[in-house]
Amino acid sequence: LNYRINIMKRTASKSDPNGMVNILGKLEELFDSAIKKAFPDIKDFQVVVVSTTPNFGDYQFNGAMSLSKLLKTLGKSLNPREVAAAVQKCVPPNEVIETLDLAGPGFINIKLKASFVQEQLSLLVTRGIRPPCGVEKKRVMVDFSSPNIAKEMHVGHLRSTIIGDSICRLLEFLGHDVLRINHVGDWGTQFGMLLAHLEDRFPNFAEETPPIGDLQSFYKESKIRFDSDADFKKRAYACVVKLQSHDPVYIKGWQAICDVSRREFQKIYDRLDIKIKERGESFYQDLMKKTVMLLEEAGVLKEDEGRKVMFAPGIAVPLTIVKSDGGYTYDTSDMAAIRQRVHDEAADWVVYVVDLGQSGHFETIFACAEFAGWLDRKKTRVEHVGFGVVLGEDRKKFKSRSSETVRLVDLLDEGLRRAKEKLIEKERDKVLTPEELESAQQAVAYGCIKYSDLAHNRNGDYVFSFDKMLEDKGNTAVYLLYAYTRIRSIARTANVTDEQIKKAAADGIPLSHEKEMKLAKLLLRFPETIVRLTFDLCLHPLCEFLYEVSTTFTEFYDVCYCVEKDRTTGQIVHINMDRMALCEATANVMAQCFSLLGLKPIQKM
Ligand code: ARG
């Protein structure tokens, strides 16, 4: 599905006058009207402008080849170069473009006006980073993290948590109305054995909160009994029925078990600074009944060996809506949930951040919801944002030395320990106070875990390696966090205030050095970069952008003096305020990228 068309068309109308300019978006609008003018017969042509290296201007339009082919189908024979020339002539007058150059078989190289770049950069510093203008507000629901009660939250859930949180941060920054939903598994059949075991271990659980210390071993104990003891198994089934029929005693036991899990999950969320609203499978209990009724009425359920299943057109595997014992399933709760989200919540966009292993499940849920008439994908954007599995450094399933799975708390603790080692290795303990060292340790530990996940294309498997993520060279959190603190310290050590920098920026930044111009143009690509992230919700291009900002800054800083000092006395003799403004702009853009990625940069590190 191409969401791009949708977004561009809907956004073109509204504009926030104080937002940052999406330059690439603006160029696409200009080319869109140029093409309409040059070739009025062509309808629905998707204009694409790309950013390029300075050798080819700053941006490029390379749609002339496909336009030429399209024209041929309409009986007009023009070669791509002729097409490009015609488009070039029709680009409306504007304040953005300096030159348009025809190149090769029909490329149009676009160079930005220096005055436009200067003005936009000055606005960036004086107004600060703002959301791009022209984004139409949507109501978005993001279903992420979603661990299962009484089971350990595993690395797959960690990926969902990190990716989902960053997607929410991005959409919130763009001004959307975002609902962060934790679809915890709190209503499944695992509660049968847990409740039966609870009855035996803590018989008065209904009167007194049962002191289940370690839910993990509690789960294991009950699982062993469930698998080996037929009577226990029978009782477990009876318990699920009692729970699902809302027997108050069993509801109490269920709540107690959920509370223990909830507290454990919350510890992880607090450490990683994740905000999320719990709305688990149990939330849909009553809706599930209604869901089944509606599907029954619509005549889309089929009997299959006592089960009620639903097929979607073109998909071989059906959903199980009602089990042979009358119980509901994961499928039932997701059908209830999608209807609740699209219909009751009137969401414009529903995002499910769940591992790629569940692609088939979501494909079927979406198709069945459409088939039932609950979802129109032209109106509501629903998508499964999948991700690959986490592997160990041996490229096998990620596990710890002592057990099959890695406990997330242990993983975060190890991150903290390794981050501290790294800081001490860099002798940061000698310059930082204990408090500063501790914040640096947390920023590095949690930052590197999040960043190394987000920097990889989420569709691939991902090798978890503390050694790699803690490297201080290359596209890593450690490198970037350091780079950021260094940039911030330039103004601090020169004793220049924010007001002075803003004043300088308001007076105009000439950008006369080639490296200044290059850095400025890159920084101004921030709005288009984040708008593009929404097309497929892959976040790694943001990490690539952030890294490019950091290396481009180094290129600039190596040759452009910001603060000149007397070689012998070390005293400051001259401060180049225009360049200080460029430093400020760079730091602001980086800080905003960090914030979208859920990283916490620190002033001193
Ligand atoms: N609890 C599920 C799991 O751990 C993930 C739920 C994802 N969300 C959903 N609406 N199905 O696999």
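Above this note sits the structure.
Since we're looking at a predicted model, the values are computed, not measured.

Caption draft 1: Focus on the overall build of the protein. Regarding its fold elements, the protein presents 22 helices and 16 strands. When the backbone C-alpha atoms are referred to their principal axes, the protein occupies close to 85 × 75 × 40 Å. For the protein, with 605 residues in total, the buried portion stands at 52%. With 84 positive and 85 negative side-chain charges, the protein shows a spacing of 3 Å between the two charge centroids.

Caption draft 2: Spatial organisation of the sheet that holds strand 1 (residues 49-51). Taken together, four strands build an open sheet; the order of strands is 1-2-4-3 and the sheet is antiparallel. Strand pairing shows two members of the sheet lacking a second neighbour, strand 1 and strand 3 (97-103), which therefore form its edges. Adjacent strand axes in the sheet meet at a mean angle of 25° when their direction is disregarded. Judged from the six bridges that link them, strand 3 and strand 4 (residues 107-112) form a sheet pairing that is antiparallel. Its bridge partner lying in strand 4, Leu102 is registered against Ile108. In this fold helix 2 (residues 23-38) packs onto strand 1, strand 2 (59-61), strand 3 and strand 4, with an angle of close to 145° to the strand it touches most, strand 1.

Caption draft 3: Broad picture of the site of the ligand. Residues in close proximity to the ligand include Asp143, Ser146, Asn148, His157, His183, Tyr330, Asp334, Tyr352, Val354, Gln358 and Phe362, which together make up its full environment. In the environment of the ligand, a nitrogen atom lies 2.7 Å from a nitrogen or oxygen atom belonging to the side chain of Asp143. Separating an oxygen atom of the ligand from a side-chain N or O atom of His157 is a distance of 2.8 Å. Taking 350 Å² as the accessible area of the ligand by itself, protein coverage stands at 91%. Looking at side-chain class alone, the shell around the ligand contains four nonpolar, five polar and two charged residues.

Caption draft 4: Looking closely at the packing of aromatic side chains. Counted by the stated rule, this structure contains 17 aromatic pairs. Taking 6.4 Å as the distance between ring centres and 65° as the angle between the ring planes, the aromatic pair formed by Phe205 and Tyr250 counts as edge-to-face. You can see Phe205 sitting in the loop between helix 7 (190-201) and helix 8 (215-228) and its partner Tyr250 sitting in helix 10 (residues 248-272), a full 45 residues away along the chain. With relative accessibility at 8%, the residue Tyr250 sits in the buried group. Here a set of aromatic residues connected by ring pairs shows up, and it is made of Phe398, Tyr462, Phe464 and Phe466.

Caption draft 5: Representation of the side chain of His176 in the model. Summarising the element assignment, His176 is placed in the loop between helix 6 (155-173) and strand 6 (177-182). A polar contact of 3.0 Å, which involves the side chain of His176, links it to the backbone nitrogen of Lys138.

Caption draft 6: Local environment of the sheet that holds strand 6. Judged by pairing direction, the sheet is parallel, and its five strands sit side by side in the order 7-6-5-11-12 without closing on themselves. The two strands at the open ends of the sheet, each matched to only one other strand, are strand 7 (277-278) and strand 12 (381-385). Pairing geometry for strand 11 (residues 349-353) and strand 12, over five bridges, is parallel. Among the inter-strand pairings, Val351 is bridged to a residue of strand 12, identified as Glu383. Lying over the sheet, helix 6 contacts strand 5 (139-143), strand 6, strand 11 and strand 12, oriented at roughly 165° with respect to strand 6. Contacts between helix 12 (residues 330-344) and the sheet are confined to strand 5, strand 6 and strand 11, with strand 11 contributing the most and set at about 145° to the helix.

Caption draft 7: Structural context of the nonpolar core. In this structure, Phe31, Val87, Ile257 and Phe526 are the most contacted members of the largest nonpolar core, which totals 172 residues. The dominant element in this core, judged by the number of residues it contributes, is helix 22 (residues 577-597), at 12 residues.

Caption draft 8: Molecular detail of the pairing of strand 16 (residues 572-575). Pairing analysis gives three bridges linking strand 15 (residues 563-565) to strand 16, with the strands arranged antiparallel. Residue pairing in the sheet places Glu564 in a bridge with His574 of strand 16. Hairpin geometry of strand 15 and strand 16 is characterised by an intervening segment of six residues between the two adjacent antiparallel strands and by a positive phi of about 80° at Gly570.

Caption draft 9: The arrangement of helix 18 (residues 498-506) in detail. When we look at burial in helix 18, the residues that qualify are Ile501, Ala504 and Ala505. Looking straight down helix 18, one finds that the buried residues subtend no more than 100° of arc, so they occupy a single side. Residues of helix 18 that are exposed and point more than 90 degrees away from the buried face comprise Glu499, Lys503 and Ala506. Each element contacted by the buried residues of helix 18 is listed here: helix 5 (114-127), helix 17 (477-493) and helix 22. Positive phi appears at Gly508, one or two residues downstream of helix 18, with a value of about 110°.

Caption draft 10: Quick look at the environment of Glu278. By secondary structure assignment, the location of Glu278 is in strand 7. Taking the relative accessible area as the measure of exposure, Glu278 reaches 34% and is therefore partly exposed. Residues Glu278 and His183, spaced 95 residues apart in sequence, show a C-alpha to C-alpha distance of 6.6 Å. Among the polar contacts made by the side chain of Glu278, one reaches the side chain of Arg262 at a distance of 2.7 Å.

The rules behind each value
- Residues numbered from 1 in each chain as written.
- Predicted model: local features only at pLDDT ≥ 70, side-chain atom pairs only at ≥ 80, totals over all residues.
- Heavy atoms only, no water.
- Helix = DSSP H or I, 4+ residues; strand = E, 2+ residues; numbered from the N terminus.
- Buried < 20%, exposed > 50% of the residue type's maximum accessible area, 1.4 Å probe, protein only.
- Lys, Arg positive; Asp, Glu negative; His and termini not counted.
- Charge placed at Lys NZ, Arg CZ, Asp CG, Glu CD.
- Pairing = 2+ DSSP bridges.
- Axes fitted to C-alpha atoms, helices over the stretch in contact; angles between N-to-C directions.
- Contact = heavy atoms within 4.5 Å.
- Near = heavy atom within 4 Å.
- Polar contact = N/O pair within 3.5 Å; in protein donor to acceptor, adjacent residues only side chain to side chain.
- Areas by Shrake-Rupley, 256 points an atom, 1.4 Å probe, with all protein chains shown as cover.
- Nonpolar A, V, L, I, M, F, W, Y, C, P; charged D, E, K, R; others polar.
- Phe/Tyr/Trp six-rings, centres within 6.5 Å; stacked < 30°, edge-to-face > 60°.
- Core = buried A, V, L, I, M, F, W, Y, C linked by side-chain atoms within 4.5 Å.
- Arc of directions from axis to C-beta.

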